[in-house]
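# Examination of the molecular architecture
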Amino acid sequence: MRAMTTPGALLLLASILSAAPASQPAAPQKKEYLSDAEADKIRDAGASGPRIVLYATFAADRIKKLQYEFAHMDPADSKRTDRLNSLINGYTGCIDDAADLLDVGIEKQEDIREGVKALQARIKEILPYLQDLAANGPERETYKDNLDDAIEATQDAAKDVEKAVKEMAPPPVRRKPS
């Protein structure tokens with residue numbers, strides 16, 4: 001057999017090098033509404049159950065910050081509207097991700113009981129607040145669309161929690177040794 005020619009060798013080398021970046025796994029996408037510390041906690045949690053608990057906790061944190069913003073309204077603050085919308089969007093993202101993890105946990109038959117309980121408790125306390133905010137909140141026009149999305153996401157998450165309670169694998173039965 002004849003040795004490869006220089007143009008043939010270059011063509012082979014070019015094709016190998018161009019395929020190399022495509023074979024590397026893509027880095028996980030960082031959620032823009034999570035801080036670096038929160039993203040690290042989510043990553044370190046591993047299984048779906050603890051992640052659901054974390055997302056529920058982060059969602060509740062966003063609501064507490066939102067309540068603080070409304071309690072300390074400064075009419076001269078020009079960035080208040082941006083902060084309010086950012087907090088509402090962050091809350092919506094956390095709730096959506098928690099609800100998505102419910103489906104993943106059920107599909108993988110993971111133990112997500114603690115996550116379901118945490119999310120269910122947060123939804124029960126947050127949904128009435130959001131609905132009241134939609135009806136009676138100050139300056140509703142500035143965040144109405146995002147608030148409507150947040151209420152819808154919370155209601156969808158509540159339905160997902162109900163579905164998860166029904167579809168969750170039962171806990172293992174421990175039998176007494178005979």
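What counts and what doesn't
Residues numbered from 1 in each chain as written. Predicted model: local features only at pLDDT ≥ 70, side-chain atom pairs only at ≥ 80, totals over all residues. Heavy atoms only, no water. Axes fitted to C-alpha atoms, helices over the stretch in contact; angles between N-to-C directions. Helix = DSSP H or I, 4+ residues; strand = E, 2+ residues; numbered from the N terminus. Parallel < 35°, antiparallel > 145°, perpendicular 65-115°, else oblique. Left-handed = near helix turned anticlockwise from the far one by under 90°. Contact = heavy atoms within 4.5 Å. Nonpolar A, V, L, I, M, F, W, Y, C, P; charged D, E, K, R; others polar. Core = buried A, V, L, I, M, F, W, Y, C linked by side-chain atoms within 4.5 Å. Buried < 20%, exposed > 50% of the residue type's maximum accessible area, 1.4 Å probe, protein only. 1 Å grid on protein atoms, 1.4 Å probe; cavity = no way out; pocket = protein on both sides within 12 Å on 5 of 7 lines; lining within 4 Å. Points joined across faces, edges and corners; volume = space filled by probe spheres on them. Expected span 1.5 Å × (residues − 1). Polar contact = N/O pair within 3.5 Å; in protein donor to acceptor, adjacent residues only side chain to side chain. Patch = residues over 30% accessible without salt bridge, like charges linked within 9 Å, V, L, I, M, F, W, Y side chains within 5 Å. Areas by Shrake-Rupley, 256 points an atom, 1.4 Å probe, with all protein chains shown as cover. Salt bridge = Lys/Arg side-chain N within 4 Å of Asp/Glu carboxyl O. Lys, Arg positive; Asp, Glu negative; His and termini not counted. Charge placed at Lys NZ, Arg CZ, Asp CG, Glu CD. pLDDT = per-residue confidence, 0-100.

### A short note on the packing of helix α2 (residues 36–45) against helix α3 (residues 48–71)
Two numbers describe how α2 lies on α3: the axes approach to 8 Å, and their chain directions differ by 160°. One way to sum up the angle between α2 and α3 is to call them roughly antiparallel. Between α2 and α3 the crossing geometry is right-handed. When α2 is examined against α3, the residues E38, K41, I42, R43 and A45 are found in contact with a partner set consisting of P50, R51, L54, Y55, F58 and R62. Partitioning the contact of α2 with α3 into residue classes produces 6 nonpolar, no polar and 5 charged.

### With respect to the nonpolar core
The biggest cluster of nonpolar side chains holds 43 residues, and the ones touching the most others in it are Y55, L66, Y91, L102, L119 and L130. Of all the secondary structure elements, the ones that give two or more residues to this core are α3, α4 (80–107), α5 (113–136) and α6 (144–167). Counting residues per element, this core draws most heavily on α4, which supplies 11 residues. Beyond its immediate sequence surroundings of up to four residues, L130 is in contact with I63, Y91, L147, A150, I151 and T154.

### Some thoughts on the layout of surface pockets
Where empty space is left can be seen by rolling a probe of water-molecule size over the atoms. Looking at the second largest pocket, its volume works out to about 180 Å³. Taken together, 13 residues line the second largest pocket, and the ones lying closest to its centre are R51, Y55, D97, L101 and V104. Those elements giving two or more residues to the lining of the second largest pocket turn out to be α3 and α4. Its residues placed into classes, the lining of the second largest pocket shows 5 nonpolar, 2 polar and 6 charged.

### Remarks on α4
Residues three or four positions apart in an α-helix share a direction because the helix packs 3.6 residues into each turn. Over its 28 residues, α4 extends 41 Å from the first C-alpha to the last, a length consistent with the 40 Å expected when each residue adds 1.5 Å. A positive backbone phi angle near 55° is found at Q109, which sits one or two residues after α4.

### A look at the side chain of N85
Topologically, N85 is positioned in helix α4. Within polar-contact distance, the side chain of N85 engages the side chain of N146 at 2.6 Å. Ignoring anything within four residues of it in the chain, the contact list for N85 reads T142, Y143 and N146.

### Overview of a negative patch on the surface
Negative charge collects at one region of the surface, where D96, D100, D145, D149, E152 and D156 lie side by side. Breaking the negative patch down by element, the ones donating at least two residues are α4 and α6. Of the residues forming the negative patch, the biggest block, 4 residues, is contributed by α6. Checked against the element boundaries, D96 lands in helix α4.

### As for the confidence of the model for the protein
Should pLDDT be low for a region, the predicted coordinates there are not to be read in detail. Per-residue pLDDT for the protein has a mean of 83; in total, 80% of the residues score no lower than 70. Here helix α1 (residues 6–23) stands out as the least confident element of the protein, with mean pLDDT 51; α3 is the most confident, with 94. Of the regions scoring below 50 in pLDDT, residues 19–28 engages in 0 contacts with residues more than four places distant in sequence or in other chains.

### Description of the pattern of salt bridges
All told, the structure shown has 9 salt bridges when counted by the stated rule. In this structure, E69 engages R83 in a salt bridge whose closest nitrogen and oxygen atoms are separated by 3.1 Å. Taken together, the residues span a long stretch of sequence, with E69 in helix α3 and R83 in helix α4 at a distance of 14 residues. Residue classification places R83 among the partly exposed positions, given a relative accessible area of 32%. As a salt-bridge pair, R83 and D77 come within 2.2 Å of each other at their nearest N and O atoms. Among the residues examined, D77 registers a relative accessible area of 22% and is labelled partly exposed. The network of salt bridges with shared partners includes E69, D77 and R83.

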